[in-house]
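Spelled out from the first residue to the last, the chains are:
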Amino acid sequence: MLHNAEVEFARYLFAVYPPPMPGMPWLSVCIAPDGHVLDSEAFATFEEADLVTYRAQAVLFDSLVQQVEIKHALAADGALH
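Reading the values: rules and limits
- Residues numbered from 1 in each chain as written.
- Predicted model: local features only at pLDDT ≥ 70, side-chain atom pairs only at ≥ 80, totals over all residues.
- Heavy atoms only, no water.
- Helix = DSSP H or I, 4+ residues; strand = E, 2+ residues; numbered from the N terminus.
- Rg over C-alpha atoms; globule rule 2.2 N^0.38 Å.
- Buried < 20%, exposed > 50% of the residue type's maximum accessible area, 1.4 Å probe, protein only.
- Contact = heavy atoms within 4.5 Å.
- Pairing = 2+ DSSP bridges.
- Axes fitted to C-alpha atoms, helices over the stretch in contact; angles between N-to-C directions.
- pLDDT = per-residue confidence, 0-100.

Draft legend 1. Up close: the overall build of the protein chain. Along the protein chain, the regular secondary structure elements total two helices and three strands. Counting from the amino terminus, the protein chain carries its helices and strands in the arrangement α-β-β-β-α. Taken over the C-alpha trace, the protein chain has a radius of gyration of 17 Å; the compact-globule value for 81 residues is 12 Å, which it surpasses by more than 25%. Projected onto its principal axes, the C-alpha positions of the protein chain cover 65 × 20 × 15 Å. By residue count, 20% of the 81 residues in the protein chain fall in the buried class. Considering only contacts within the protein chain whose residues lie at least 6 apart along the sequence, 37% involve residues at least 24 apart.

Draft legend 2. Representation of the sheet that holds strand β1 (residues 13-17) within the structure. Taken in spatial order, the three strands line up as β1-β2-β3 in an open sheet, and their pairing is antiparallel. In this open sheet, the two edge strands, each paired with only one partner strand, are β1 and β3 (37-43). Taken pair by pair, the neighbouring strands of this sheet meet at an average axis angle of 10°, ignoring direction. In this structure, strand β2 (residues 26-31) lies alongside β3, joined through six bridges in antiparallel fashion. Paired with W26 across the strands is F43, a residue of β3.

Draft legend 3. Quick look at the side chain of T53. Relative to the helices and strands, T53 resides in helix α2 (residues 46-80). Judged by relative accessible area, which is 5%, T53 ranks as buried. Discounting chain neighbours no more than four positions away, the residues touching T53 are F14, A15, V16 and S28.

Draft legend 4. Quick peek at the confidence of the model for the protein chain. Confidence in the prediction for the protein chain averages 92 pLDDT; 93% of positions are at 70 or higher. Confidence scores differ between elements of the protein chain, with helix α1 (residues 2-9) showing the lowest mean pLDDT of 88 and β1 the highest of 98.

This is the structure in structure tokens:
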């Protein structure tokens, strides 16, 4: 089950972009497999942007694991009836 969540997670892109010029913010971005930006947030420092990106990855992965577990449980329940 974990493998399925890992495969799905690998389809998402998380990135921290540096400021394009002095005085501009660092940018944390999450892009879905279909290319849509799911989240984007500006930060004053790389460390802030990187920390939020790391936390967003953890939240997404946990969500994907839960989705896989629910699908597996529903499939098992359906097989019993």
